[in-house]
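In case you want the letters, here they are:
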Amino acid sequence: MYKEEPEQLLAQSFLQASEAVEEARGSMCWADLLVLLPAAPYRLAAFPFAALFHHLCASGRLSLAARYMFLLTGGCLFAGTAMGSYAVLLLIPAAGSVLVLLSVSPACAHTRVFALQMSWQTLCHLGLSSQELDPQDARPAIALSAIMLLTQKATSLVLDIHEGVVRLQLGQGLLQCALPLCSYLLFFPVLLGGPLCSFSRFRAQAESSGALPCPLRAAGQRCLCALALQGLRVGLVGGLAGRQGCTGLGCLPCLWARALLLRLAYYWHWVLDEALLEVAGFRLEAGQGDLSVRDLWTLETTHRLAIFTRTWNKSTSRWLRRLVFQRCLAQPLLATFAFSAWWHGLWPGQVFGFLCWAVMVEADYRIHPFLSAWATSQGVKLLYRGTTWVFMQLIVAYILVAVETESFSLPYLLWTSCNSILPLSRGFALLLLLLLAKKLKQN
């Protein structure tokens, strides 16, 4: 009996996923091009309410307490609409984190909130994954995503309190102190997406949102950018629909194209999320968002995986650096990626993908200084940059496809296919450089 190669099985799994997506979209009209991912309709529905909030603030019709109530109530209604009964899974840790903040000292609040959030999030991941859920029901996935974002905000807040950046004024009364905290954790513009906004920034923007200029022009530009990205993504899906399979090294372009689809989906979400935040009057400082035009250019043109990693999902990268990397005494890079795998849910593909990502970034730090020292002439520099850019693109594709996998089978097929040649060779080069550095240090 004929036994298919891992590359063919891997390609077939990709094609089957694409065909399923195409069948689901077969009856869509042109207006549905924006509504392709589970949380997208709810994000789009939130735009009028975000604009209404900014208008009421600018006209002076909302007091500060009323602004917090508007954002909190909108978040609760938003959660109930998008998640249904699963919204309880989000409201419980939010209320628990606020109770911890109001009942314990700042010295130990950060450890208790972190333990509460990550324990609850892990239980939700394990509990929902063990149930036989309807694959057409997107509410559990939306709820898990919102819980992950809640963990970001809660841990960022307690770190600010622990470091003295934010001071809770408990003497004002329980309601006056709890309202801004609850509003920050659940305010609707960033309930289903980023970027991560600090509590200090949130409170300052809420207090001065009436003085901000109209954000519709900037938000409109972001929406046009999101539309262009989604159009490109839909066009790429159509171009890949007729691909029948691949063998051997011919699967590398297929892998790269699938990863490009994933990147375009992420770019679209990040641009749309920032547009929603701006419509509500919460403008981020320069460089504090998840994706700007400059970031997009950097992500697609850099030949350094380390630069790509720092630029990818920037607010989450800064949060991971602050929460794990800067506080870990031993192997901070590996610990950061291991925690990221835990935060994402510890699926087999995520564990494999994030650990591979850590090794590839470490290799990037050591290989590029070694190679750049040999690139002296202009022609050699161009060859060096062009070759390393292609290798970096393929390695990123390998990692992203692995991270987006939830089953055991696809990471195994990915590992045993020809797509593993580049990651393995890069890991082998890292090992040689480490041995060389150790030998030089001994001498």
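Not measured: the values here are computed from a predicted model.

> Explain the pattern of salt bridges to me, please; I cannot follow it from the model alone.
Two side chains that carry opposite charge are able to pair once their charged atoms sit near each other. According to the stated counting rule, one finds 12 salt bridges in the structure shown. Between R263 and E300 there is a salt bridge, with the nearest N and O atoms lying 3.0 Å from each other. Taken together, the residues R263 in helix 10 (residues 251-279) and E300 in helix 11 (residues 293-301) connect sequence positions 37 residues apart. Residue classification places R263 among the buried residues on the basis of a relative accessible area of 1%. Since its relative accessible area comes to 22%, E300 is described here as partly exposed. The closest approach of N and O atoms between R366 and E362, which form a salt bridge, is 2.9 Å. With R366 and E362 both in helix 15 (residues 348-372) and four residues apart, this pair spans about one turn of that helix. Given the relative accessible area of 33%, R366 is considered partly exposed. Since its relative accessible area comes to 24%, E362 is described here as partly exposed. Among the charged side chains, a salt-bridge network with shared partners connects D160, E163, R322 and R327.

> Help me understand the packing of aromatic side chains, please; the structure alone is not making it clear to me.
The relative placement of two aromatic rings is captured by the distance of their centres and the angle of their planes. Counted under the stated rule, the structure contains 25 aromatic pairs. Between F187 and F282, the aromatic rings sit 5.4 Å apart at their centres with planes inclined by 55 degrees, giving tilted as the arrangement. Placement of F187 in the loop between helix 7 (174-186) and helix 8 (199-208) and of F282 in the loop between helix 10 and helix 11 is noted, with a sequence separation of 95 residues between them. A single burial state applies to F187 and to F282, both of which are buried. In textbook terms, an aromatic cluster arises when at least three aromatic residues are bridged by ring pairs, as seen for F53, Y68, F70, Y184, F187, F188, F199, F202 and F282.

> So what exactly am I meant to see when it comes to the packing of helix 5 (residues 106-130) against helix 14 (residues 332-344) here?
Two packed helices can be described by the angle between their axes and the distance between those axes. Remark: helix 5 packs on helix 14, axes separated minimally by 9 Å, with the N-to-C direction vectors making an angle of 55 degrees. By the angle class used here, helix 5 and helix 14 are oblique. In this structure, helix 5 contributes F114, M118, Q121, T122 and H125 to the contact, and helix 14 contributes F339, W342, W343 and H344. Residues that form the contact of helix 5 with helix 14 fall into these classes: five nonpolar, four polar and no charged.

> Explain the packing of helix 13 (residues 314-323) against helix 14 to me, please; I cannot follow it from the model alone.
Interaxial distance between helix 13 and helix 14 falls to 10 Å at its minimum, and their mutual angle equals 120 degrees. Put simply, helix 13 runs oblique to helix 14. For helix 13 against helix 14, the interelement crossing comes out right-handed. Judged by residue contacts, T316, W319, L320 and L323 of helix 13 engage T336, F339, S340 and W343 from helix 14.

> Is there a simple way to explain the environment of L159 in this structure?
If you trace the backbone, L159 turns up in helix 6 (residues 139-162). Here the alpha-carbon distance between L159 and V113, two residues 46 residues apart in the chain, equals 9.9 Å. With sequence-adjacent residues up to four places away left out, L159 is seen in contact with R322, L323 and R327.

> Sorry if this is basic, but what is going on with the nonpolar core here?
Across soluble globular proteins, nonpolar side chains have a tendency to be buried as a group. Core analysis: the biggest nonpolar cluster contains 111 residues, and M83, L90, L192, F202, F282, L305 and W357 have the highest contact counts within it. The element that contributes the greatest number of residues to this core is helix 10, accounting for 14 residues. Setting aside anything within four residues of it in sequence, one finds L192 in contact with A39, Y42, R43, F78, A82, M83, I142, S145, A146 and L149.

> Mind showing me how you'd approach helix 6 here?
For the α-helix, the turn length of 3.6 residues means that residues three or four positions removed from each other point alike. For helix 6, with 24 residues, the first-to-last C-alpha span of 34 Å sits near the 34 Å given by 1.5 Å per residue. Among the 24 residues that make up helix 6, 20 are buried, leaving the element largely enclosed by the rest of the structure. Count one or two residues on from helix 6 and you reach G164, which has phi positive near 85 degrees.

> Looking at this structure, how should I read a nonpolar patch on the surface?
A cluster of nonpolar residues, F428, L431, L432 and L435, forms a patch on the protein surface that exposes about 400 Å² of accessible area. Note on placement: L431 falls in helix 18 (residues 421-442).

> What exactly am I supposed to notice about the confidence of the model for the protein chain here?
The predicted structure's coordinates, where accompanied by low pLDDT, should not be read in detail. Here the protein chain averages 82 in pLDDT, while 86% of its residues score no lower than 70. Confidence, expressed as mean pLDDT per element, reaches its minimum in the protein chain at helix 1 (residues 6-24) with 43 and its maximum at helix 14 with 95. Low confidence marks residues 1-36, where pLDDT is under 50. Its contacts with residues over four positions away, or in another chain, come to 54 contacts.

> Mind showing me how you'd approach the side chain of H303 here?
Inspection of the secondary structure assignment puts H303 in the loop between helix 11 and helix 12 (305-311). On the basis of relative accessible area, H303 is assigned to the buried category, the value being 11%. In terms of polar contacts, H303 uses its side chain to reach the side chain of R385, at 3.3 Å. Each residue touching H303, except ones within four places of it in the same chain, is listed here: H368, Y384, R385, T388, W389 and M392.

> Mind showing me how you'd approach unusual backbone geometry here?
Leave glycine aside and you will find that most residues have negative phi; peptide bonds, for their part, are mostly trans. Even without being glycine, N313 reaches a positive phi, approximately 50 degrees. With a phi close to 50 degrees, Q331 is a non-glycine residue in the positive phi region. In this fold, Q331 is placed in the loop between helix 13 and helix 14.

> Would you explain the environment of L149 in this entry?
Along the chain, the position of L149 falls in helix 6. For L149, a relative accessible area of 13% puts it in the buried group. Counting along the chain gives 42 residues from L149 to L191, while the straight-line C-alpha distance between them is 7.4 Å.

Rules used in this analysis
- Residues numbered from 1 in each chain as written.
- Predicted model: local features only at pLDDT ≥ 70, side-chain atom pairs only at ≥ 80, totals over all residues.
- Heavy atoms only, no water.
- Salt bridge = Lys/Arg side-chain N within 4 Å of Asp/Glu carboxyl O.
- Helix = DSSP H or I, 4+ residues; strand = E, 2+ residues; numbered from the N terminus.
- Buried < 20%, exposed > 50% of the residue type's maximum accessible area, 1.4 Å probe, protein only.
- Phe/Tyr/Trp six-rings, centres within 6.5 Å; stacked < 30°, edge-to-face > 60°.
- Axes fitted to C-alpha atoms, helices over the stretch in contact; angles between N-to-C directions.
- Parallel < 35°, antiparallel > 145°, perpendicular 65-115°, else oblique.
- Contact = heavy atoms within 4.5 Å.
- Nonpolar A, V, L, I, M, F, W, Y, C, P; charged D, E, K, R; others polar.
- Left-handed = near helix turned anticlockwise from the far one by under 90°.
- Core = buried A, V, L, I, M, F, W, Y, C linked by side-chain atoms within 4.5 Å.
- Expected span 1.5 Å × (residues − 1).
- Patch = residues over 30% accessible without salt bridge, like charges linked within 9 Å, V, L, I, M, F, W, Y side chains within 5 Å.
- Areas by Shrake-Rupley, 256 points an atom, 1.4 Å probe, with all protein chains shown as cover.
- pLDDT = per-residue confidence, 0-100.
- Polar contact = N/O pair within 3.5 Å; in protein donor to acceptor, adjacent residues only side chain to side chain.

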